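Structural overview
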Amino acid sequence: MNKKMNAFVSGVVALGFSAHGAQAETLRLLTWGGYAPDSVIELFEEKYPDIDVEVTFSNNEEMVAKLRATGGSGYDLAQPSVSRIKAAQAEYGIYKPMDLSQVDTSVFQPNMMEAMEKYAEIDGEIYSIPHVWGTQGLVVDISKAPEVEGWTDLCDPQYKGRVSMRLKRALLLGFAFDTGKDPFAAYDDFEAYEAMIDEIGETLIDCKDNVKTYWTGGDDLSALLLSGEIVVSDAWDSTAFKLYKENPDIRFIPTRTGALAWIDTFTLPKRGEADDAAYKWINFVNQPEIVTMISESSGAVSAVKGGVELMPEGAREAVAAAFDEEALDNLKFMPSVPPGLEDLEGRVLDRVKAATSE
Amino acid sequence: MGRSADRLSLVLLFTPFALWIGLLIVLPQLGIGYVSLREKVGVNEFTFGFGNYAAFFEEPIYRNTLLRTAWISILVTALALIMGFPVAYYIAKIAKERSRAGLFLMCLIPLWVSDLVRAYGWILLLRETGVISTTLVSLGIISGPVEMLYNDVTVIIGLVYTVILFMIVPLVSTLQGMDDALLEAGYNLGGSRLTVFRRIIVPYAMPGIVAGCIITFMLTAGSYLTPILLGGKNSSWFTEQIYTQFITRYNWEMGSTFGVLLLIFTSLVVWLGLRLTGQSLATTVAKE
């Protein structure tokens, strides 16, 4: 009995040592689902045995809210979209500038780094490094809804009850473009912007009968499309590309007015405690074979040169089916959201959600 | 000597409770109350006032959502009472001593699974391509698939299922204390079943009924997952508004205002309910 006990105790002690003995540093990653798959974390921890990676999955709004609640601590590396850097930094001061000498920026596509200089630069300092990009547009089951081309087709009565939408700002932007307006140009003129989205809100309320349900997460949308319960929805291209593998009739449509493009970044929270580990992670995931692994699990395209070619085979095919040269030229990169704009949009979206229909 | 020891034990026993109430309930509520009075006028600029409350009353959407939430919560509470009472009565009075524990356990088992999983269970059953719809179609009872998800009825079903246990437990414990002799006396004096139920059982069970109703109402009005997952395009829920304000709109001030209003409003409904039924907390929940 005593011997057994001793063996047990020494076992526990040994376990304790192996976990803490190496003075492990922890890299706390605040990111999106699919951006840090277990296989990549394993390889990273193999290469840097003294770094433990902890991952929290989130989305843009929650990332900012979480960092705001803690004043920028609790995480060592975050991945908000580039459009969520400037306003969040101005209002809440939750990020710190990047030390670009720590990152090999030559691997990135030039236009990706340019976007950082344009949208993530405050007082001469760059706050973000690009990681992956993708677009928002429509996802369509072309065997059942072959004629869908633009955002306003979501309101086409022939798809009544077979449509889903995500009640977020991209929907307003898409409808604005499809009705011939340029919402990005109106960003600075709140009155004009409000009038414009009010009108879109009315349109969305009128076509609420068309909608089966508003989806809230990628899994939601996947289930609705794969079961055939809906035939068209607005979507992230990454979700659409993943569905393409299951059912090649499900295609991403960049829309006639151009898909809305986003770039998810690497940004350091203000009070992150493992900057070195964070830079190691950034350089690590930009290696070609890791890029492919992350594209596989996220469906998004890496910001490194040749990102599309580095996508796994099925996804590359889906991208080719969705984007021709013209569609790629027509991408609408989403600029920084000015403070207060989301409040206006939120009011319109609330109104749409609260309106009653059949 | 004895007195100071008594006092010490009182202090020691009271401290954890006071800390819990103070640090986890009163303090955060004060914080929320403080933030709700802060009005945002610009980037990092604030003034104090009731502007957020005024904004709530000006916007019919928020008002209506709160009323809707309260109305559905009352309905859910009533349904939970109607469905829970027979179950509780059976467990407490009719079932044999030996099977009582087993029956009680069966009511508890659904609680071992998280809210989220239970909600997804309903989704699998009720969706257009779900279990019930496809079964009905294959049995030839209906001609085409039918959508049973994404409406208020589904939300109510899901909520009743989630909260009914909190109705059953207090009811069982009150009913168990009832002496069967009371019922026999009622029948011997010529009372019909209805009279015995109305004049003896219900008054006796009142503390349990009030406690159960308060718990289920508060749980329902404050629930988030079930209405979000099962609700459809038309079913907004007030807690969802609070989440939206805090998270997607970065508007903590408005979110706090909503939080305070939800607390006040639900307390008001409970108070009104007690007044209308002629009960008070002292004679029911806190009855010795």
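Residues numbered from 1 in each chain as written. Chains lettered and ligands numbered in written order. Predicted model: local features only at pLDDT ≥ 70, side-chain atom pairs only at ≥ 80, totals over all residues.

**So, the overall build of chain A**
Of the regular secondary structure elements, chain A holds 14 helices and 14 strands. Its C-alpha atoms give chain A a radius of gyration of 22 Å, near enough to 21 Å, the size a compact globule of 358 residues would have. Taken along the three principal axes of its C-alpha coordinates, chain A extends 75 × 50 × 40 Å. Taken across its 358 residues, chain A has 45% of its residues classed as buried. Once local pairs closer than 6 in sequence are excluded, the contacts in chain A between residues at least 24 apart make up 78%. (Helix = DSSP H or I, 4+ residues; strand = E, 2+ residues; numbered from the N terminus. Rg over C-alpha atoms; globule rule 2.2 N^0.38 Å. Buried ≥ 20, exposed ≤ 12 C-beta atoms within 10 Å, placed from the backbone. Contact = placed C-beta atoms within 7 Å.)

**Here we look at the domain arrangement of chain A**
Residue and element names in this part refer to chain A. Domain boundaries in chain A define domain 1 (2-133 + 262-320) and domain 2 (134-260 + 333-354). Placing the centre of domain 1 and that of domain 2 at their C-alpha centroids yields a distance of 28 Å. Taken together, the contact between domain 1 and domain 2 spans 20 residues of the former and 16 residues of the latter. Those elements giving two or more residues to the side of domain 1 that touches domain 2 turn out to be helix H4 (86-92), helix H5 (110-119), strand E7 (128-141) and helix H12 (313-322). (Domains from an automatic or database assignment.)

**Things to note about helix H9 (residues 237-246) of chain A**
For an α-helix, the turn length of 3.6 residues means that residues three or four places apart are oriented alike. All names here are of chain A. In terms of burial, H9 is largely enclosed, as eight of its ten residues are buried. Along H9, the residues classified as buried are Asp237, Ser238, Thr239, Ala240, Phe241, Lys242, Leu243 and Tyr244. Buried-residue contacts for H9 involve E7, helix H8 (218-226), strand E10 (232-236), strand E11 (250-253), helix H11 (288-298) and H12.

**Side note on the domain arrangement of chain B**
Residue and element names in this part refer to chain B. Segmenting chain B into domains produces domain 1 (1-36) and domain 2 (52-112 + 162-276). Of note, the centres of domain 1 and domain 2, computed from C-alpha atoms alone, are 28 Å apart. The partner domain 2 presents seven residues to the four residues of domain 1 that form the contact.

**Here's the deal with the interface of chain B and chain A**
Taken together, the contacts link 19 residues of chain B with 23 residues of chain A. Contributions of two or more residues to the side of chain B that touches chain A are made by helix H3 (60-94) and helix H11 (238-248) of chain B. In terms of residues, the side of chain B that touches chain A owes the most to one element, H11 of chain B, which gives four residues. Here the side of chain B that touches chain A is built from residues that sort into six nonpolar, ten polar and three charged. (Nonpolar A, V, L, I, M, F, W, Y, C, P; charged D, E, K, R; others polar.)

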